[in-house]
Amino acid sequence: MSTAREGEGSPFHNIPVVLLTKDEARGRRTEDRDLYSSGQLFPVEINTEIGAKKADRIFHVINKLGHGTYGTVWLVEDTQPPANAPSRWKAIKMHRQGTADTDLQVSKEFKRAGISPEKALTEYQVAIPYEQFPIRGGPGGKTTYTCSVLPLLGPRVDNRQVLRLSNDEEGSCSTRDDGNGQASSLFACRQIALALQKLHNMGIAHGDFRPANILYYLPHLDKLSQDEIMQVYGQPEAVELENPEPFKEPDHLVFPAKCDVYALKEILARKNLDLGFIGQVPRAAVIDMGSAWHHSWEPRHSLIPVHYEAPECIICAGHIAFPDSRESVDGCLETDVLAEMEYFLGPIPTTYRNAWKERDEGKKTVFPSNPAHVGFLRYSALKKWRKRHKRAKSPLHLVVMQSELPKEKADMFLDLLRGVFRWFPDQRMSLEDILRHPFLQVNGTSSE
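Residues numbered from 1 in each chain as written. Predicted model: local features only at pLDDT ≥ 70, side-chain atom pairs only at ≥ 80, totals over all residues. Heavy atoms only, no water.

Engineer: Any chance you could explain the overall build of the protein here in plain terms?
Structural biologist: The secondary structure content of the protein amounts to 15 helices and 14 strands. When burial is assessed residue by residue, the protein has 48% of its 448 residues classed as buried. By sequence separation, contacts in the protein at least 24 residues apart represent 67% of the contacts at least 6 residues apart. For the protein, the accessible surface area stands at approximately 22,600 Å², while carbon and sulfur atoms represent 50% of it. (Helix = DSSP H or I, 4+ residues; strand = E, 2+ residues; numbered from the N terminus. Buried < 20%, exposed > 50% of the residue type's maximum accessible area, 1.4 Å probe, protein only. Contact = heavy atoms within 4.5 Å. Areas by Shrake-Rupley, 256 points an atom, 1.4 Å probe, with all protein chains shown as cover.)

Engineer: Explain the environment of Pro219 here, please?
Structural biologist: By the secondary structure assignment, Pro219 is in the loop between strand S10 (214-216) and helix H7 (226-233). Under the relative-accessibility criterion, Pro219 is labelled partly exposed at 23%. It is 9.9 Å that separates the C-alpha atoms of Pro219 and Leu264, two residues lying 45 residues apart in sequence. Among residues more than four places away in sequence, those in contact with Pro219 are Leu268, Asp274 and Leu275.

Engineer: Explain the side chain of Arg210 to me, please; I cannot follow it from the model alone.
Structural biologist: Mapping Arg210 onto the fold places it in the loop between strand S9 (204-205) and S10. Judged by its relative accessible area of 17%, Arg210 falls in the buried class. In this structure the side chain of Arg210 is engaged in a polar contact, spanning 2.7 Å, whose partner is the side chain of Asp208. Dropping the residues within four chain positions of it, Arg210 is found in contact with Ile304, Pro305 and Tyr308. (Polar contact = N/O pair within 3.5 Å; in protein donor to acceptor, adjacent residues only side chain to side chain.)

Engineer: Help me understand the sheet that holds strand S11 (residues 237-240), please; the structure alone is not making it clear to me.
Structural biologist: Hydrogen bonding along the main chain pairs the strands of a sheet, whether they run parallel or antiparallel. The three strands are arranged S2-S11-S12 in an open sheet whose pairing can be described as mixed. Looking at the sheet topology across the chains shown, the edges are occupied by strand S2 (18-19) and strand S12 (252-254). Here S2 pairs with S11 via two bridges, running parallel. If you follow Leu19 over to S11, its bridge partner there is Ala238. (Pairing = 2+ DSSP bridges.)

Engineer: What is the right way to look at helix H13 (residues 395-402) in this model?
Structural biologist: Within an α-helix, residues lying three or four positions from one another point in the same direction, as the helix has 3.6 residues per turn. Listed as buried for H13 are Pro395, Leu396, His397, Leu398 and Val400. Just past H13, the residue Glu404 takes up positive phi, approximately 60°.

Okay, here's the thing in structure tokens:
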């Protein structure tokens, strides 16, 4: 069994944590303090060591990478990296109590198929744990939590720094796709679809597929020194907790670090290395398999925030594992999301209207008698939009117009959007159709 302790002798022992005032921290998010006081999360601190005693391994905690429904993720130094995972810089996921089983099951599916964690990352674009180990904590050290050791990845797939840098590199390359540097963005979209297709080919549904769970796989992170990794991920920033409970709550809540891709590029340039962005962005890698399921398992309700859910998942929702999953991280309600869907897709079909009215919260909903009229979206809002955007034929058409694509590309983009965003799943384009669509046929895809 493993424990966590102060990082005595660690080169990171004295990393200063920048404590922000409430005003400075306004608008930035951390995990809920109640998850610690209730014993659901293990209190990790910067400058401590997490030990996997069975393997005689020590991980120094450097910064926080993120948090979500299933736990917190930390940037660590692996003091004795094994041969199958040689990079000293890794991520450790501290699982919320009772939520590690799914990650373990998915890892077993890859292992059963003869796919190592390294191969899963480089060929299947999925980050699965190199290893998992238990850790004791809580009052008296009697509560057991699970740690997963994962590869250290880059920023989210929607990170603008990466797209700008890849477009800069593309602009200096004579084989670029167009003068606006758009091939990189298309390559990113293609990478996302490929990553999902590879999961589906293994019979696995992710269950929470959104930008927060799709990261770039950046090269050469293992080449960075201690000072350089700090330059890329910055100093830890946190807010102090008032009267934290001993052994249960941390002294402060740490904000997720931001990966500075510009800083990484400068560091690699000094080492005569590059980010490999010529004409394309790096590969996307899927993380966080906490909501995933294999086709042979019992189906489960997805915990994806409601504003990312398909309409059938919202309207025909089943059992909810965590009550807070009914709202998105922005506090957006289901009715708001359905109204926005009507904004883009047109009036909600009668089938869905009837299914909604069978739910408790839908019994009092009054729909217009004419099914051609919007049900959740206020007609006045739609009328106002039409008056403001007279040149656009529809909201989807407006999205395409704002992209400033050449006409031929714009027509392809609009066709793709119309094929993907449909009310009913059997009317939507398949992943294979999406990957074959002319809009996503870009240079630099031969490595797939």
